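# Descriptive analysis of the structure
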Amino acid sequence: MSFLEVAELKKYFPVQHGLLEQLTTRKQTFVKAVDGVSFSLARGDIYGLVGESGSGKTTTGRLTIGLLKPTSGKVVLDGIEVQKLDGTALRKMRRRMQIIFQDPTASLSPKMKVGDAVADAIRLLEGEGGSKAKKRVLEMFEYVGLTPAREIYGRYPNNLSGGQKQRVVIARALITRPEYVVADEPVAMVDVSVRAQILDVMRGMHDRLGLTYLFITHDLAVAKYLCNKIGIMYLGRIAEQGDTKEIFRLPLHPYTQALLAAVPVPDPSAKKNKNIPHGEIPNAINPPPGCRFNPRCPFATEVCRKEEPPLRKVDPSQPTHLVACHWAEKFL
Amino acid sequence: MGDLLEVKELTVEYRTRRATIRAVNNVSLTLNKGSTLGIVGESGSGKSTLGHAISRLVDPPGVVASGHIYFDGVDILSLGAEEMRKIRGKRIAMVFQDPMSSLSPVKKVGDHFVEYIRQHDPSVSPADALNDARKIFEDLGMERSRVGDYPHQFSGGMRQRVMVGLALALRPELIIADEPTTALDVVVEAQILELLRELKKKYSVSLMLITHNMGVVAETADRIAVMYAGKLMEVSTTANLFTHPMNPYTGALLGSIPNILVDDQVLKSIPGTPPDMASLPPGCPFSPRCPHVFDRCRVEDPLLTRLADGTETACHLYG
Amino acid sequence: MAKTGEEAETFGFMPRVMGAVRSALGPGSGRWFIVAGTIIVAFIVGMSLLAPFISPHGPTELFVGPDNSPPSSSFPLGTDQYGRDMLSRIIWGGRFMLLVAVTAVILCLAVGVPIGLASAYRGGSLDKVVSLVMDSMYAFPSLVLAIVIIGVFGVNAINEAIAIAVVYVPSYYRVIRSQVLTIKELPYVEAAKSIGGRSGHILTTYILPNILPSIVVVATINFADSILTTAGLDFIGLGRLDQPDWGVDLFYGRAALPIGAWWTIFFSGTMIVLSALGFGLISEGLAERAGRE
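What you are looking at is a predicted structure, and each value in this text was computed from that prediction instead of being measured.

With that out of the way, let us pick up the overall build of chain C. Each helix and strand in chain C was counted, giving 13 helices and zero strands. Listed by position from the N terminus, the elements making up chain C come as α-α-α-α-α-α-α-α-α-α-α-α-α. Referenced to the eigenvectors of the C-alpha coordinate spread, the extents of chain C come out at roughly 75 × 45 × 30 Å. By residue count, 45% of the 293 residues in chain C fall in the buried class. Pairs at least 24 apart in sequence give 70% of the contacts found in chain C among residues at least 6 apart.

Below is the structure:
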């Protein structure tokens with residue numbers, strides 16, 4: 001049985017209408033941020049959930065740790081259905097699942113010493129406070145490279161660099177030794193020269209604590225570097241999923257191929273397939289009928305415009321490589 | 001041939017009561033006509049300030065402390081406001097990161113073009129200006145009729161196309177693009193970069209592309225200038241910069257960023273963090289983090305020197 | 001994170017005038033405002049606390065000197081129509097006003113802060129109802145309400161404080177609510193939830209410390225407003241006429257004007273303006289610092 005199992009997860013957000021619209025239309029429209037997402041993680045996986053804006057990756061991440069309740073679908077962590085939990089039971093579960101946010105500055109209260117911010121997690125989730133908690137925080141600061149730990153403990157966020165703040169955020173997420181961690185674009189807002197450090201810290205803690213990560217990012221290069229499995233999301237659904245090596249060896253979904261073609265590569269001599277699709281991601285209120293990518297897909301046919309392709313195995317020798325495309329076999 | 005733009009020993013400072021920050025520190029570089037110069041750096045590197053200084057858009061408390069900016073032979077820093085206004089837009093145009101802040105939400109996009117064109121040449125009739133806008137829209141890959149739409153009716157990527165179009169409307173000689181694709185999704189980014197490459201050729205414009213993304217400059221620039229903490233660290237051709245970087249910062253940076261085409265990549269992270277611009281260490285600003293640092297680096301700030309193959313670097317290892 | 005424009009609208013012309021002065025003096029002038037304001041307030045508070053020790057005469061002692069005599073060496077601020085020493089009355093005159101102001105602010109904080117926090121954080125229909133109530137209270141002119149309360153229940157510090165507090169709570173509510181609405185969407189609040197924080201804990205540990213600067217700004221303006229309201233009540237005769245009080249001096253002073261005894265009202269009036277100004281300056285200076293955060 002897998003450690004984390006996500007099944008047909010859906011999250012629809014009601015659209016706020018203006019007063020006039022509310023009076024004249026009976027229909028409620030929804031932003032279908034997540035529209036049927038399924039995947040499973042084994043313990044120790046670093047699963048890269050890759051997508052552009054509007055893909056639903058951030059919402060998916062938050063659904064898996066109970067920060068949002070799904071409209072339908074299940075999130076099962078170590079046998080427990082997370083979406084059914086509330087109140088105290090949910091809080092107890094929080095010890096086992098945590099989140100690292102994207103913006104290190106906005107994730108820390110400006111009026112709290114960073115050491116106290118991390119200690120608060122211990123207090124709230126384990127009921128332990130005082131000097132014992134402080135000792136654990138100092139230890140964690142050493143692990144993540146925040147030294148001198150004692151001095152940094154008493155600092156306020158505005159006295160730390162972006163990289164240091166992100167380490168604090170990581171420390172806070174990992175201090176209660178969770179088993180499952182969602183990392184929401186953890187290096188997107190960190191300076192380029194510091195990103196590798198943060199990725200090292202995350203990898204180090206993964207190995208040390210035996211963590212399972214859901215690594216949300218728009219940066220395929222980072223995903224390739226860090227993740228052993230990848231899921232590509234487009235407009236609320238998974239387009240392609242599988243082992244990292246396999247996805248990059250043979251991307252089968254036209255959208256994945258487009259992403260790979262589009263990513264700027266720091267190598268001027270690189271020859272890339274330059275098939276960049278036209279158009280942009282449509283909004284998630286009215287996704288195109290059939291395959292969501294069909295308006296921009298160079299290979300779209302009639303069936304693509306009518307039927308939504310299921311996420312399926314295409315190559316029998318690669319059972320974990322799943323693609324949601326009617327024509328995936330073409331690319332084998 | 002000839003340099004369209006020559007920046008000479010330019011220093012730009014932000015003077016506040018608390019500290020004076022040297023955002024651009026004694027920077028000299030050139031941009032050849034028809035080429036693309038990439039300015040690469042992280043936050044605080046001064047790259048954006050450099051771009052703004054060239055269009056003379058540096059606002060107080062920022063001030064150009066010293067140096068010259070020769071555009072087509074004329075030092076634009078010595079020009080009066082009126083003369084500079086003639087140049088800005090007509091000969092030097094800028095594209096910024098956020099298109100929304102440059103477009104008025106209550107004006108149709110076509111009207112932006114008309115106003116912009118007629119501001120610089122009142123003899124052009126509104127009808128002609130609008131026609132010009134329609135032609136540009138075609139080049140941008142958008143329907144001509146969309147000149148009648150309002151900014152909010154465009155998606156982020158299309159708005160940025162509009163900005164590129166506006167920048168080209170007066171047929172400038174130089175476009176300075178400051179992080180033009182940073183806020184865009186990767187596929188749209190690729191579209192915009194391709195657009196810039198195409199239109200650069202079609203309209204014969206020179207391009208200064210400011211970004212923190214090494215991949216973007218690898219694909220788009222002919223020459224690259226690397227900045228760190230306000231200082232020019234290396235200037236080189238794109239090919240040379242990536243194959244043999246001549247500055248430890250460049251080398252360290254390249255070794256720390258993931259490359260999607262490399263399998264089983266090993267990244268080497270750079271220790272430390274970019275410096276606090278209000279309290280720079282003495283000597284080379286990269287010295288606290290440099291893997292090849294020695295004593296002289298901590299005391300003496302290296303000057304930019306030219307190497308045999310034309311590469312310029314500011315490092316005691318080479319000069 | 002206070003928005004000074006919003007506060008100026010909320011609190012009337014004084015912040016607007018001071019805001020204009022501050023803009024004219026340029027950024028960073030806020031700290032001088034705080035310094036100047038603190039000096040003034042410290043002076044007035046010190047004087048009021050030390051009154052029993054430094055006042056040359058009793059403030060209510062009649063005929064210690066000739067009546068209506070102008071400032072002289074023996075009576076530096078002159079005497080009023082009852083021969084009372086103006087200097088002593090000035091020294092003693094602020095105590096009641098300060099007492100009322102402090103009480104009003106405490107009441108406002110005790111009532112306004114929890115309501116603002118809870119209502120804004122919970123949102124929904126509770127928030128809508130409370131906001132409606134607060135908005136209607138906001139429209140009340142403080143002086144009128146004070147007159148009604150004093151008229152019905154009598155003149156004492158508590159009643160005046162209550163009257164002022166009732167009218168001022170909506171201002172606290174507004175400022176707190178707008179801040180909480182913004183902050184509760186910030187990642188660090190979501191982070192607090194993700195580490196198991198409950199609403200109460202989040203409000204007190206994560207949200208309140210970040211809105212404290214704005215609350216202080218409101219409280220200091222509250223002080224200033226309170227002093228002016230008390231003075232206003234005194235002036236129309238709804239003060240404690242037997243006690244030393246700057247506002248009461250103005251009341252008595254109406255009789256003195258026709259005979260040219262300017263000193264019976266000038267110094268008292270100045271002290272009222274000065275104390276309001278002192279708090280106002282602190283408030284404006286703090287607003288600038290809060291705005292910069």
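Secondary structure assignment for chain B yields 10 helices and 12 strands. Taken over the C-alpha trace, chain B has a radius of gyration of 20 Å; the compact-globule value for 319 residues is 20 Å, and the two agree within 12%. When its C-alpha atoms are laid out on the principal axes, chain B stretches across 65 × 50 × 40 Å. Taking all 319 residues of chain B together, 47% fall into the buried category. Restricting to contacts in chain B with at least 6 residues of sequence separation, those with at least 24 account for 61%.

Residue and element names in this part refer to chain B. Taken in spatial order, the eight strands make up an open sheet running β6-β7-β8-β3-β9-β10-β12-β11, and their pairing is mixed. The open sheet has two edge strands with one neighbour each: β6 (92-95) and β11 (305-306). Across two bridges, the pairing between strand β10 (residues 231-237) and strand β12 (residues 312-313) is antiparallel. Across the sheet, residue V235 finds its bridge partner in β12, namely E312. Packed onto the sheet, helix α5 (residues 156-169) meets β6 and β7 (174-178) and runs at close to 175 degrees relative to β6.

Turning our eyes to something else, we now look at the sheet that holds strand β3 (residues 46-51) of chain A. Residue and element names in this part refer to chain A. The strand order across the open sheet formed by eight strands is β6-β7-β8-β3-β9-β10-β12-β11, and the pairing between neighbours is mixed. For this open sheet the edge positions go to β6 (97-100) and β11 (312-313), each flanked by a neighbour on one side alone. Bridging between β3 and strand β9 (residues 229-234) involves five bridges; their strand directions are parallel. From the neighbouring strand, Y47 faces β9, where its bridge partner is K229. Contacts from helix α11 (residues 254-262) reach β9 and β10 (237-243) within the one sheet, and its direction differs from that of β9 by about 100 degrees.

So, on to the environment of W327 of chain A. Residues and elements named next belong to chain A. In this structure, W327 sits in the segment after β12 (322-323). By the C-beta count within 10 Å, which is 19 here, W327 ends up partly exposed. Separated by 75 residues in the primary sequence, W327 and L252 have C-alpha atoms spaced 8.8 Å apart.

Each side of the interface is counted separately: chain C has 13 residues, and chain A has 19 residues. Breaking the side of chain C that touches chain A down by element, the ones donating at least two residues are α10 (187-194) and α11 (199-235) of chain C. Here the side of chain C that touches chain A takes six residues from α10 of chain C, the largest share from any one element. Here the side of chain C that touches chain A is built from residues that sort into seven nonpolar, four polar and two charged.

So, on to the interface of chain B and chain A. By a frequent convention, interface size equals the accessible area lost on bringing the separate parts together. The interface is formed by 37 residues belonging to chain B together with 33 residues belonging to chain A. Of all the elements in the fold, those that place two or more residues in the side of chain B that touches chain A are α6 (186-203), α7 (214-220), α8 (238-243) and α9 (248-256) of chain B. With seven residues, α6 of chain B is the largest single contributor of residues to the side of chain B that touches chain A. Across the side of chain B that touches chain A, the residue classes break down as 18 nonpolar, 13 polar and six charged.

Looking now at the pairing of β7 of chain B. Residue and element names in this part refer to chain B. Along β7, five of the five residues are buried, which leaves the element largely enclosed by surrounding structure. By the alternation rule, side chains of β7 split into L174, I176 and D178 and I175 and A177, which are all buried. Inspection of the sheet shows β6 paired to β7 by four bridges, in the parallel sense. Looking at β7, one finds that I92 is bridged to L174. With five bridges joining them, β7 and strand β8 (residues 206-211) adopt parallel strand pairing. Considered in β8, the bridge of I175 is made with L207.

A few words on the nonpolar core. Generally speaking, nonpolar side chains in soluble globular proteins are found buried as a group. The biggest cluster of nonpolar side chains holds 272 residues, and the ones touching the most others in it are V118, A171, F215 and L259 of chain A together with I176 of chain C. The greatest single-element share of this core, amounting to 16 residues, is contributed by α11 of chain C. Setting aside residues no more than four positions away along its own chain, A171 of chain A makes contact with V118, M140, F141, V144 and L146 of chain A.

Two quantities define a packed helix pair, namely the angle between the helix axes and the distance between the axes. All names here are of chain C. Taken N-terminus to C-terminus, the directions of helix α6 (residues 95-122) and helix α7 (residues 124-138) make an angle of 135 degrees; their axes are 7 Å apart at the nearest point. With respect to each other, α6 and α7 are oriented oblique. The way α6 lies across α7 gives a crossing that is left-handed. In this structure, α6 uses I115, S119, A120 and R122 to contact α7, whose residues at the interface are G124, L126, D127 and V130. Looking at the contact of α6 with α7 residue by residue, the classes come out as four nonpolar, two polar and two charged.

Turning our eyes to something else, we now look at the environment of Y14 of chain B. All names here are of chain B. Examined against the element boundaries, Y14 turns out to sit in strand β1 (residues 3-15). Look at Y14 and you get partly exposed, because 19 C-beta atoms sit within 10 Å. A C-alpha to C-alpha distance of 9.3 Å links Y14 and A65, two positions 51 residues apart in sequence. When near neighbours in sequence (up to four residues on either side) are disregarded, Y14 contacts I21, A23, P61 and G62.

Basis of the calculations
Residues numbered from 1 in each chain as written. Chains lettered and ligands numbered in written order. Predicted model: local features only at pLDDT ≥ 70, side-chain atom pairs only at ≥ 80, totals over all residues. Helix = DSSP H or I, 4+ residues; strand = E, 2+ residues; numbered from the N terminus. Buried ≥ 20, exposed ≤ 12 C-beta atoms within 10 Å, placed from the backbone. Contact = placed C-beta atoms within 7 Å. Rg over C-alpha atoms; globule rule 2.2 N^0.38 Å. Pairing = 2+ DSSP bridges. Axes fitted to C-alpha atoms, helices over the stretch in contact; angles between N-to-C directions. Nonpolar A, V, L, I, M, F, W, Y, C, P; charged D, E, K, R; others polar. Core = buried A, V, L, I, M, F, W, Y, C linked by C-beta atoms within 7 Å. Parallel < 35°, antiparallel > 145°, perpendicular 65-115°, else oblique. Left-handed = near helix turned anticlockwise from the far one by under 90°.

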